[in-house]
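Chain by chain, the residues:
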Amino acid sequence: MLDILVIAPHPDDAELGCGGAILRWQAEGKRVGVLDLTSGEPTPFGSLEIRAKETAAATEILGLAWRDNLGLPNRSLEHTLDARAKLAAVIREQRPRWLLAPYWVDAHPDHVAATELIEAARFWGKLTKTDLPGEPWHAERVVYYSCVHLKVLLQPAFVLDISPYWEAKRRAIECYHSQFIEGRPTEPPTFIDRLRDQAAYWGWSIGVPYGEPFMLREPLGLASTRDLL
Ligand SMILES: [Zn+2]
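It should be emphasised that the depicted structure is a prediction, and the values quoted were computed from it without experimental measurement. (Residues numbered from 1 in each chain as written. Predicted model: local features only at pLDDT ≥ 70, side-chain atom pairs only at ≥ 80, totals over all residues. Heavy atoms only, no water.)

Q: How would you explain the coordination of the zinc ion if you had to name every residue and give the values?
A: Surrounding the zinc ion are the protein donor atoms H10 (ND1), D13 (OD), D13 (OD) and H111 (NE2), at 2.1 to 2.6 Å. Around the zinc ion, the 4 donor atoms sit at angles spanning 54 to 140°, and that spread fits a shape best called irregular. In primary-sequence terms, the residues that donate to the zinc ion follow H-x2-D-x97-H. Here H111 lies in helix α4 (residues 109-125) and H10 lies in the loop between β1 (4-8) and α1 (13-27), a separation of 101 residues in the sequence. The class of H111 is buried, set by a relative accessible area of 0%. (Donors = N, O, S within 2.8 Å, 3.2 Å for Na, K, Ca; no water. Tetrahedral: all angles 85-135°; square planar, octahedral: opposite > 155°, others 65-115°. Helix = DSSP H or I, 4+ residues; strand = E, 2+ residues; numbered from the N terminus. Buried < 20%, exposed > 50% of the residue type's maximum accessible area, 1.4 Å probe, protein only.)

Q: Can you explain the sheet that holds β1? Please cite residues and give values.
A: Taken together, 7 strands build an open sheet; the order of strands is β3-β2-β1-β4-β5-β7-β6 and the sheet is mixed. Strands at the two margins of the open sheet, each flanked by one partner only, are β3 (66-72) and β6 (158-161). Within the sheet, the average angular offset between the axes of one strand and its neighbour, ignoring direction, is 30°. The pairing of strand β4 (residues 98-102) with strand β5 (residues 141-145) spans 5 bridges and is parallel. (Pairing = 2+ DSSP bridges. Axes fitted to C-alpha atoms, helices over the stretch in contact; angles between N-to-C directions.)

Q: So what about a nonpolar patch on the surface? Which residues, and what values?
A: A cluster of nonpolar side chains, V105, L150 and V152, forms an exposed patch at the surface whose accessible area comes to about 190 Å². Position of V105 among the secondary structure elements: in the loop between β4 and α4. Residue class for V105 comes out partly exposed when judged on its relative accessible area of 32%. (Patch = residues over 30% accessible without salt bridge, like charges linked within 9 Å, V, L, I, M, F, W, Y side chains within 5 Å. Areas by Shrake-Rupley, 256 points an atom, 1.4 Å probe, with all protein chains shown as cover. Salt bridge = Lys/Arg side-chain N within 4 Å of Asp/Glu carboxyl O.)

Q: Now, about the pairing of β6: what can you tell me, with residues and values included?
A: Taken residue by residue, a regular strand's side chains alternate between the two faces of the sheet. Residues F158 and L160 line one face of β6 and the alternating positions V159 and D161 line the opposite face, and both faces are buried. Pairing between β6 and strand β7 (residues 211-215): 4 bridges, direction antiparallel. If you follow D161 over to β7, its bridge partner there is G211.

Q: Can you break down α4 residue by residue, with the values?
A: Taking 1.5 Å per residue as the helical rise, α4 with its 17 residues ought to reach 24 Å, and the 24 Å between its terminal C-alpha atoms agrees with that figure. Burial in α4 covers these residues: D110, H111, A113, A114, T115, L117, I118, A120, A121, R122 and G125. (Expected span 1.5 Å × (residues − 1).)

Q: Go over the nonpolar core with me, naming the residues and quoting the values.
A: Counting residues in each nonpolar core, the largest one holds 35 residues, and the members touching the most others are V6, I22, L100, Y145 and F214. Considering every element that reaches this core, the biggest residue donor is α1, with 7 residues. In this structure F214 touches G17, C18, A21, L100, V143, Y144, Y145, P156, A157, F158 and L160, once residues within four positions along its chain are discounted. (Core = buried A, V, L, I, M, F, W, Y, C linked by side-chain atoms within 4.5 Å. Contact = heavy atoms within 4.5 Å.)

Q: Give me the packing of helix α2 (residues 48-62) against helix α5 (residues 166-174): which residues, what numbers.
A: Two numbers describe how α2 lies on α5: the axes approach to 8 Å, and their chain directions differ by 165°. The orientation of α2 relative to α5 falls into the category roughly antiparallel. In this structure, α2 crosses over α5, and the sense of that crossing is right-handed. Side by side, α2 and α5 meet where A58, I61 and L62 of the first sit next to A168, R171 and A172 of the second. Classifying every residue of the contact of α2 with α5 gives 5 nonpolar, no polar and 1 charged. (Parallel < 35°, antiparallel > 145°, perpendicular 65-115°, else oblique. Left-handed = near helix turned anticlockwise from the far one by under 90°. Nonpolar A, V, L, I, M, F, W, Y, C, P; charged D, E, K, R; others polar.)

Written out as structure tokens, the structure reads:
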């Protein structure tokens, strides 16, 4: 059983969107897993074999308790009833309190489909009198991370301090050499430089070196204000 299940359209989206949070939550004793919905291939410089090796290397850096791939079709990911049932089955098996999903505004159709699919599968997870395996389970919260293919100015519900984890997050992202290094401009600012600048911007917004933004559709309830920055 997991405390937090990060669901990603493609291998690398979890690292980009919430790699720092994954590292922080695990350091705080939470069991975190990642479910990639598709292989992410084909891409210009990748292959199934290369992407699998890159994912394994990043998974090791993140120290994940659990990672799996749902095997849905890349580039043509759709919110179908069959895909919803497959994802709901994983949610009922892993019983996470939180689901992490891509932010709902995106140019990439796979990302938009993933968000719809996750929200619907969360609902199906709690159904009784169904063919779904396992016992009903309703994840308490869906938290949306940013791996957006649009230059949107996000209005996050909260920003998490990932300062102690930025370097490991960067190394995990760099494992995806075929996606973020090969074929990309080498003159600064590189793609990785831009990611660092974004993490620094979110860090600046809360007065720390590096941060990650998270969005919510529902208000965030606080039992205490003790740990607020
Ligand atoms: Zn993606």
